[in-house]
Amino acid sequence: MAAANDVPSEDQFLCSICLDVFTDPVTIPCGHNFCKTCITEHWDRSDRYQCPMCKKEFNTRPELHVNTLFSEMAAHFRQSAQQKASSSSSSEQQVFKPGEVPCDVCTETKLKALKSCLVCLTSYCEAHLEPHLTASSLKRHQLIDPVENLEDRMCLKHDKPLELFCKTDQTCVCMLCHFSDHKMHDVVPLKEGYVGEKAELETEIHQMIQKRQLKIEEIKHSVDLSKEEADREIAEGVQVFTALKESVERGQANLINTIKEKQKTTENQAEDFIKELEQEISELQKRRSEVEQVTHSEDHLHLLQRFMSLKVAPPTKDWTEVSIHSSHEGTVVRAVVQLEETFSEEMKKLIEAELKRIQRYAVDVTLDPDTANPYLILSDDGKQVSHGDVKKNLPDNPERFSDCICVLGKQSFSSGRFYFEVQVKEKTGWTLGVARESINRKGDISLGPHWGNWTIWLRNGNEYKALAGPSVLLSLKSQPQKVGVFVDYEEGLVSFYDVDAAALIYSFTGCSFTEKLYPYFSPFNNDDGENSSPLIISPVRVN
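Here the residue numbers are simple positions, counted from 1 along each chain's written sequence. Totals for whole chains, interfaces and linings use every residue, but because this is a predicted model, local features are given only for residues with pLDDT of at least 70 and side-chain atom pairs only at 80 or more, for both listing and counting. Only heavy atoms go into the side-chain values, all of them from the structure, while hydrogens and water stay out.

*Asks:* Provide a residue-level description of helix α1 (residues 36-44), including the pertinent values.
*Replies:* Note on exposure labels: buried denotes an accessible area under 20% of the residue type's maximum, exposed denotes more than 50%, and partly exposed covers the range between, all computed with a 1.4 Å probe on protein chains only. Here a strand is any run of E in DSSP of at least two residues, a helix any run of H or I of at least four, and the numbering for each starts at the N terminus. Cys38, Ile39 and Trp43 are the residues of α1 that are buried. Axial view of α1: buried residues confined to an arc of 125 degrees, hence all on one face. By definition, residues are in contact when any of their heavy atoms lie within 4.5 Å. Where α1 is buried, its residues meet β1 (25-27), β2 (33-35), β3 (49-50) and β4 (57-58). Directions pointing from the helix axis toward each C-beta atom define the arc.

Next up, the structure:
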C-alpha cells in the first residue's frame, strides 16, 4: 500500500492525445484514460474504435463516463501546478507582450512562451512546459525556441510534421510525402537541407557580392577614364578657344589699325589737297589785287597790255573731279572672312582629333543575308552589297526586307559606343545609318527617327540629305568617298563623318534608344549601271 504522502506522477494526469492535464477524464475498456473530448474527437475522425495507446480495437463504440475520482485528482493537480507556476516566476517578466509568442495553454493571463513543441504544435510557458521536461513520454518531443504559426509546420495533405527537405523540388515535406509524391526525389532531413541550402545561398550571395564589387571597380574605372577624357577635352577646348580668342583679338586689332591707317592716309591726302587749294587761292587773290590796282588807270592801252600779262600762266588744275573717298568699305567683311578661315582651320583640327578618338570604338560589322532584300547581291565575306537586276527566290522570313532595297548588319548594339566605315566611292545613290530592331521589314519604309531609323542618303550623284523627318539638305564642300558612322547609345547620338576629309557631315542628337540598334545599308537602285558600284564595309584605319 502506498504511503499517505506519496505524490502521484505527473504522467498519470496527462492525456496522451492533448498532452495536457486531463479535463473530464474517462476510462475506456482497455484501462487507459483520456480527456472525454479528446477520445470522442479521435473516434469521430476514424472509422475504427481503437485505443490510441495500446491500439486495442473495439467492435462497438464504448460508452464514455467521466471518472469522478480521477477528475477531482486531475483538477487538484492542475490547480497545484498553476499555483506553483505563479509562485515560482515573476508575472511581470513572463506575461506575454506584443512581439512575443504567447503560451497556447494559458486560459486567463497569457504568459510568454519559453519553447514550442514541433510534435504537439503548441507553445508553452515555463509552467506548462514542465511536463515536457519531466514526463518520459514527452521528453522525446522536439522543442525549439518559441515560434508563431506552428500549423504552418504541418503537411496540409497528410497532417504530419514537415521533417524533411526535398532538394529536387526545393520544398519541405513530411515523411508520408517522401514515400508518395517525392519517392524518387533527393530528400534529406531538415537540418541537412538547411546546411546545404545555407551553404549554397552563402556561396550565391558571395558571388553576387563579388560581381557587384567588380561592377563598382568597373564603374570607378569608367569614372576615372571619363574624368581623364573630360580633363583632356577641357584642355583641348581651352587651347582651341584661347587660340580663337587670340585670333579674334588679333583680327580686331588689325582691323582697327587698318581702318586707322586708311583714315590717316585719307586725312593726309585731304590736307595736301587743302594746302594746294589754299596756295592757289592765295595766288588768285594776289592776282585779283593787281587787277584792282590796274583798273584805277585811264590808259586803256596800258590796261589791256597789263591784263594780258596777268592772264599768263593762271592756275590750270581742274578740281571738279578731285574728291576724298572713304576706303573703309569691305574692311570688316574681309576681316571676318579671314577670321572664318581661321575658325575653319581650328574646326578641322578638332574634328580630326575627334575622329581619331571615335575610331577607337570601331567594330567588325558584317551583313546579315537573312535581312537582305531579294534584289541585293552580298559578297561571300559579308562586307559588300550591291543592287542586282534579278530578284532572287529567297524565303520571305520575318527578318527580310520585302520591298525596301536594304540590308542590316548581323551585329546589334544596346549600349555603349560603336563605329564603322563604309566606302561609297563611284556611287550616285546610297543610304547609310542605323535602325532599331523593330523597324518595319515589309512593304514601303519611311525613313526618319519617328520610324526607328537614323540615316543620311545620296541621290542623283550630288544631293545629300539627312532623313531627320523632315529631311535636311546637306551642303558639303567635297563628296565623301568613305563615310564613318558613330553611335553613342547612352548619349543618344548618331554622327556621320567624311573620313578622308575629316569633316562632320551630320549629327542626330537627343535620340532616345530603347531597343537594339543594327547598322543599316542601302546601295540604292542599279540605275542602268550608273550606280552599280557596291557599298563596302571597310576596315577602320586611324588617320
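*Asks:* Give me the lowdown on the pattern of salt bridges, citing residues and values where you can.
*Replies:* Note on definitions: salt bridges are taken to be side-chain nitrogens of Lys or Arg within 4 Å of carboxyl oxygens of Asp or Glu. All chains considered together, the criterion is met by 17 salt bridges. A salt bridge links Asp364 to Lys383, with the shortest nitrogen-to-oxygen separation between them at 2.4 Å. Of the two residues, Asp364 sits in the loop between α8 (331-358) and β11 (376-378) while Lys383 sits in the loop between β11 and β12 (384-387), which places them 19 residues apart along the sequence. Residue classification places Lys383 among the buried positions, given a relative accessible area of 18%.

*Asks:* Run through the layout of surface pockets, naming residues and quoting values.
*Replies:* Method remark: on a 1 Å grid restricted to protein atoms, a set of points is classed as a cavity if a 1.4 Å probe fits but cannot get out and as a pocket if it is open with protein on both sides within 12 Å along at least five of seven lines; lining residues have an atom within 4 Å of a point. Grid points are joined across faces, edges and corners, and a volume is the space filled by probe spheres set on the points. Counted as a void, the largest pocket has a volume near 1600 Å³. What lines the largest pocket is a set of 48 residues, and nearest its centre among them are Ile17, Leu19, Val119, Cys120 and His141. Elements represented by at least two residues in the lining of the largest pocket include exactly β2 and β6 (122-124). Throughout this entry, Asp, Glu, Lys and Arg are counted as charged residues, while Ala, Val, Leu, Ile, Met, Phe, Trp, Tyr, Cys and Pro are counted as nonpolar. The remaining residues, Gly among them, count as polar. Residue composition of the lining of the largest pocket, grouped by class: 25 nonpolar, 12 polar and 11 charged.

*Asks:* Please give an account of the sheet that holds strand β23 (residues 535-538) that cites residues and values.
*Replies:* The pairing of strands in a sheet comes from backbone hydrogen bonds and takes either a parallel or an antiparallel form. Here the rule is simple: two strands pair whenever DSSP picks up at least two bridges between them. Read across the open sheet, the seven strands follow the order β11-β12-β23-β14-β19-β20-β21; overall the sheet is antiparallel. Sheet topology places β11 and β21 (503-508) at the edges, where each strand pairs with a single neighbour. Between one strand and the next, the sheet's axes are offset by a mean angle of 20 degrees, whatever the strand orientation. Bridge count between strand β14 (residues 417-423) and strand β19 (residues 482-488): seven bridges; the pairing is antiparallel. Comment: axis = line fitted to C-alpha atoms, over the contacting stretch for helices; angle = value between 0 and 180 degrees taken between N-to-C directions.

*Asks:* Explain the packing of aromatic side chains residue by residue, including any values.
*Replies:* Aromatic pairing here means that ring centres of Phe, Tyr or Trp (its six-membered ring) are within 6.5 Å. Orientation follows from the plane angle: under 30 degrees is stacked, over 60 is edge-to-face, and everything else is tilted. Enumeration over the complete set of coordinates arrives at 14 aromatic pairs. Ring centres 5.4 Å apart and planes at 45 degrees place the aromatic pair Tyr489 and Phe513 in the tilted group. Taken as a pair, Tyr489 in the loop between β19 and β20 (493-498) and Phe513 in the loop between β21 and β22 (517-522) lie far apart in primary sequence, 24 residues in all. Exposure remark for Tyr489: the relative accessible area of 11% places this residue in the buried category. Consider the rings of Phe496 and Phe508, whose centres lie 6.2 Å apart with planes at 70 degrees: the pair is edge-to-face. Linking Phe496 in strand β20 with Phe508 in strand β21, this pair joins segments that are 12 residues apart in sequence. The class for Phe508 is buried, based on a relative accessible area of 5%. The rings of Phe13, Phe22, Phe70 and Phe77 are connected pair by pair, giving a single aromatic cluster. Placement of a charge over a ring requires the Lys NZ or Arg CZ to be within 6 Å of the ring centre, with the centre-to-atom vector within 35 degrees of the ring normal. Sitting above the plane of the Phe524 ring, Arg459 keeps its charged end 3.9 Å from the centroid.

*Asks:* Now, about the side chain of Lys383: what can you tell me, with residues and values included?
*Replies:* One polar contact links Lys383 to Asp364, side chain to side chain, over a distance of 2.4 Å. Residues in contact with Lys383, not counting those within four places in the same chain, are Asp364, Val365, Thr366, Leu367, Leu535, Ile536 and Ile537. Pairs of N or O atoms are called polar contacts if they sit within 3.5 Å, as long as, within protein, a hydrogen donor faces a hydrogen acceptor (for residues adjacent in sequence, only side-chain-to-side-chain pairs).

*Asks:* An account of the sheet that holds β6 is requested, with residue identities and associated values reported.
*Replies:* With antiparallel pairing, the three strands of this open sheet are ordered in space as β6-β5-β7. Strands at the two margins of the open sheet, each flanked by one partner only, are β6 and β7 (143-144). Pairing of strand β5 (residues 115-117) with β7, which is carried by two bridges, proceeds in the antiparallel orientation. From the neighbouring strand, Ser116 faces β7, where its bridge partner is Ile144. Most of the contacts of helix α4 (residues 126-134) go to β6, to which it runs at about 110 degrees, and overall it touches β5, β6 and β7.

*Asks:* So, the confidence of the model for the protein chain: which residues are in play, and what are the values?
*Replies:* Averaged over every residue, the pLDDT of the protein chain is 86; the share at 70 or more is 91%. Contacts of residues 1-5 to residues separated by more than four positions or lying in other chains number zero contacts, the stretch itself having pLDDT below 50. What pLDDT expresses is the predictor's confidence in each residue, scored from 0 to 100. In the model, residues 89-93 has pLDDT below 50 throughout and makes three contacts with residues more than four positions away in sequence or in other chains.

*Asks:* Before we move on, could you go through a nonpolar patch on the surface and cite the residues and values that matter?
*Replies:* There is a patch of nonpolar side chains on the surface, built from Leu201, Ile205 and Ile209 and spanning about 260 Å² of accessible area. Looking at the element boundaries, Leu201 is found in helix α6 (residues 190-294). Residue Leu201 is classed as partly exposed on the basis of its relative accessible area, which comes to 47%. The patches reported here contain residues having more than 30% relative accessible area and no salt bridge. Joining distances are 9 Å for like charges and 5 Å for nonpolar side chains (Val, Leu, Ile, Met, Phe, Trp, Tyr). Areas reported here follow the Shrake-Rupley algorithm with a probe of radius 1.4 Å; residue values treat only the protein chains shown as occluding.

*Asks:* I'd like a rundown of the pairing of β12, residues and numbers included.
*Replies:* By the bridge criterion, three bridges tie β11 to β12 in an arrangement that is antiparallel. Residue pairing across strands places Ile377 opposite Ser386, the latter belonging to β12. Adjacent in sequence and paired antiparallel, β11 and β12 are bridged by five residues, among which Gly382 carries a positive phi angle near 70 degrees. By the bridge criterion, two bridges tie β12 to β23 in an arrangement that is antiparallel. Across the sheet, residue Val385 finds its bridge partner in β23, namely Leu535.

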